[in-house]
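# Fold and geometry: a report
Below are the chains, spelled out letter by letter.
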Amino acid sequence: MTIYRSIFRTDLFQNQTILVTGGGTGIGRAIAHELASLGANVIIASRKTEPLEQTMKEIQSAGGKCAMYTVNIRNEEAINAMFDEMLSDHETIHGLVNNAGGQFPSPAENINQKGWHAVIETNLTGTFLMSKTAYNRALRQNKGSIVNIVAEMWNGFPGMVHTGAARAGVANMTKTLAVEWAKDGVRVNSVAPGVIHGHGITQYDPAFIKSYVKMASADIPAKRLGTESEIASAVTYLLSPAAAYVTGETLKVDGGSSLWRKTWQIDDHTNSDKFDGFEP
Ligand code: ADE
């Protein structure tokens, strides 16, 4: 008799400590719930205390293990201070999910240097600093896995040029770190969510949400937005031993939208100058 057991067994992450940044809300909260439900000792970290406390309580009252720390991932000193505290409370970490991020919709021409830097520093620099610190202070000693949450930026990101550039940077960094850290048994992957119906989208202006959601779901082969849990499942796979031979990869979880989608309305215009060498 052949016995096959799913890798997503309920004790999959027993005795594993996994740090999830931005774990208080949205996709990060779903990831924290998913990992805790599989036995992980989940640590959630973010800048804001209140959502962390709320999610920690939810997980603990469901019988899960959860701790929380506040940190600004743009600041290397603050990250090191958080690791000091975390590693005195917990022996080590075995996984890191770089989910914390932030951006704001704006036509490119209206983004000033401050706004540009803020988005690059949170999404690109913050992810790098957290990865580097987790590697140096834990993962290189005991092996482990990093998963970055990026975005659907394969055709650029009209309307949010800063986050498109930052997330594309993270997808590239994923490949570099995967190669550099393979010698220590550290895997690095990313998940690229499509349009997710969850907390993240509610942060935007209602008029923007309405037009964006309508346009996006019409053009998604699955004809619906994704769920936060669908992202959490992909993260679980990449963190788990089922993905032991997967590194440097960015997994799209987007209902096929990156293959068939228009996200930017261009009104009819006559501004495209033409070159024709045969014209007089
Ligand atoms: N979530 C959004 N921005 C963040 C930051 N700078 N640090 C930690 N969590 C965040």
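Residues numbered from 1 in each chain as written. Predicted model: local features only at pLDDT ≥ 70, side-chain atom pairs only at ≥ 80, totals over all residues. Heavy atoms only, no water.

### Brief notes about the side chain of Arg 187
Rule in force here: Runs of E in the DSSP output that reach at least two residues are strands. Runs of H or I that reach at least four are helices, and both are numbered from the N terminus. Counting of polar contacts relies on pairs of N or O atoms within 3.5 Å, with two restrictions inside protein: one atom must be capable of donating a hydrogen and the other of accepting it, and residues adjacent in sequence are counted only when both atoms are side-chain atoms. Note on contacts: a residue pair qualifies if any of its non-hydrogen atoms lie within 4.5 Å across the two residues.
Examined against the element boundaries, Arg 187 turns out to sit in strand 6 (residues 186-193). Looking at Arg 187, its side chain comes within polar contact range of the main-chain oxygen of Ser 240, at 3.3 Å. Engagement of the side chain of Arg 187 in a polar contact is seen with the backbone oxygen of Val 246, the distance being 3.1 Å. When near neighbours in sequence (up to four residues on either side) are disregarded, Arg 187 contacts Gly 144, Ser 145, Ile 146, Leu 238, Leu 239, Ser 240, Ala 243, Ala 244, Val 246 and Thr 247.

### Topic: the pattern of salt bridges
Note the cut-off: Definition used for salt bridges: Asp or Glu carboxyl oxygen within 4 Å of a side-chain nitrogen of Lys or Arg. For every residue, the accessible area (1.4 Å probe, protein chains only) is compared with the maximum for its type, and the residue is labelled buried under 20%, exposed over 50%, or partly exposed between those bounds.
A complete count under the given rule lists seven salt bridges for this structure. Across the pair Arg 137 and Asp 84 runs a salt bridge whose closest N-O atoms are separated by 2.6 Å. A residue pair is termed long-range when its members are at least 10 positions apart, and Arg 137 in helix 4 (residues 113-142) and Asp 84 in helix 3 (residues 76-89) qualify at 53 residues. According to the relative accessible area criterion, Arg 137 is partly exposed, its value standing at 29%. Given the relative accessible area of 45%, Asp 84 is considered partly exposed. A salt bridge links Lys 183 to Asp 184, with the shortest nitrogen-to-oxygen separation between them at 2.8 Å.

### Focus on the nonpolar core
For clarity, the threshold we go by: We define a nonpolar core as any set of buried Ala, Val, Leu, Ile, Met, Phe, Trp, Tyr and Cys residues linked to one another through side-chain atoms lying within 4.5 Å.
Of all hydrophobic cores here, the largest spans 43 residues; its most connected members are Leu 19, Met 82, Phe 83, Met 86, Ile 93 and Met 130. Residue assignment for this core shows that the elements contributing at least two residues are strand 2 (41-46), strand 3 (65-70), helix 3, helix 4, helix 5 (161-181), strand 6 and helix 6 (206-218). Listed in part, the 31 residues of the second largest apolar core include Val 42, Ile 44, Ala 232 and Val 235.

### Brief notes about the site of the ligand
Where we set the bar: Consider each residue's heavy atoms; a residue with any of them within 4 Å of a molecule or strand counts as near. Basically, the charged four are Asp, Glu, Lys and Arg, the nonpolar ten are Ala, Val, Leu, Ile, Met, Phe, Trp, Tyr, Cys and Pro, and anything else, Gly included, counts as polar.
Every residue close to the ligand is listed here: Ser 46, Arg 47, Val 71, Asn 72, Ile 73, Arg 74, Ala 100, Gly 101 and Thr 122. Arg 47 has a polar backbone atom sitting 3.5 Å from a nitrogen atom of the ligand. Interatomic distance of 2.9 Å between a side-chain N/O atom of Asn 72 and a nitrogen atom of the ligand. A breakdown of the residues in the shell around the ligand according to their chemical character gives three nonpolar, four polar and two charged.

### Describing the packing of aromatic side chains
Aromatic rings in a pair are described by how distant their centres are and how their planes are angled relative to each other. Put simply, the rule is: Note on aromatic contacts: the rings of Phe and Tyr and the six-membered ring of Trp form a pair at centre separations within 6.5 Å, being stacked when their planes are under 30 degrees apart, edge-to-face when over 60 apart, and tilted otherwise. Think of it as a cone above the ring: NZ of Lys or CZ of Arg counts as a charge over the ring if it is within 6 Å of the ring centre and within 35 degrees of the ring normal.
Under the defined criterion, the tally for this structure stands at one aromatic pair. Ring centres of Tyr 135 and Trp 181 lie 4.1 Å apart, and the angle between their planes is 0°; this geometry places the pair in the stacked category. Taken together, the positions of Tyr 135 in helix 4 and Trp 181 in helix 5 put the pair 46 residues apart, joining distant regions of the chain. Positioned over the ring face of Trp 154 is Lys 252, at 5.1 Å from the centre of the ring.

### Section: the side chain of Asn 41
Tracing the chain through its elements places Asn 41 in strand 2. A distance of 3.3 Å separates the side chain of Asn 41 from the side chain of Thr 17, its partner in a polar contact. For Asn 41, the contacting residues outside a window of four places in its chain are Gln 16, Thr 17, Ile 18, Lys 65, Cys 66 and His 90.

### Quick look at the sheet that holds strand 5 (residues 144-149)
Put simply, the rule is: Paired strands are those between which DSSP finds at least two bridges. Fitting a line to C-alpha atoms yields each axis, with helices limited to the stretch in contact; the angle taken between N-to-C directions then spans 0 to 180 degrees.
Taken together, the seven strands give an open sheet; going across it, the order is 3-2-1-4-5-6-7, and neighbouring strands pair in parallel fashion. The open sheet has two edge strands with one neighbour each: strand 3 and strand 7 (250-253). Taking each pair of neighbouring strands and ignoring which way they run, the sheet shows an average axis angle of 20°. The pairing of strand 4 (residues 95-98) with strand 5 spans four bridges and is parallel. Among the inter-strand pairings, Gly 95 is bridged to a residue of strand 5, identified as Ser 145.

### Considering the packing of helix 4 against helix 5
Rules: Each angle receives one of four descriptions, namely roughly parallel if under 35 degrees, roughly antiparallel if over 145, roughly perpendicular if within 65 to 115, and oblique otherwise. Definitions for this section: a left-handed crossing has its near helix turned counterclockwise from the far helix by less than a right angle. A right-handed crossing has that turn clockwise.
Running from N to C, helix 4 and helix 5 point in directions that differ by 15°, and their axes come no closer than 9 Å. The angle between the axes of helix 4 and helix 5 places the two elements in the roughly parallel class. In this structure, helix 4 crosses over helix 5, and the sense of that crossing is right-handed. Residues Gly 115, Trp 116, Val 119, Ile 120, Asn 123, Leu 124, Thr 127, Phe 128, Ser 131, Lys 132 and Tyr 135 of helix 4 lie in contact with helix 5, whose contacting residues are Val 161, His 162, Thr 163, Ala 165, Ala 166, Arg 167, Gly 169, Val 170, Met 173, Leu 177 and Trp 181. Of the residues that constitute the contact of helix 4 with helix 5, the class distribution is 13 nonpolar, seven polar and two charged.

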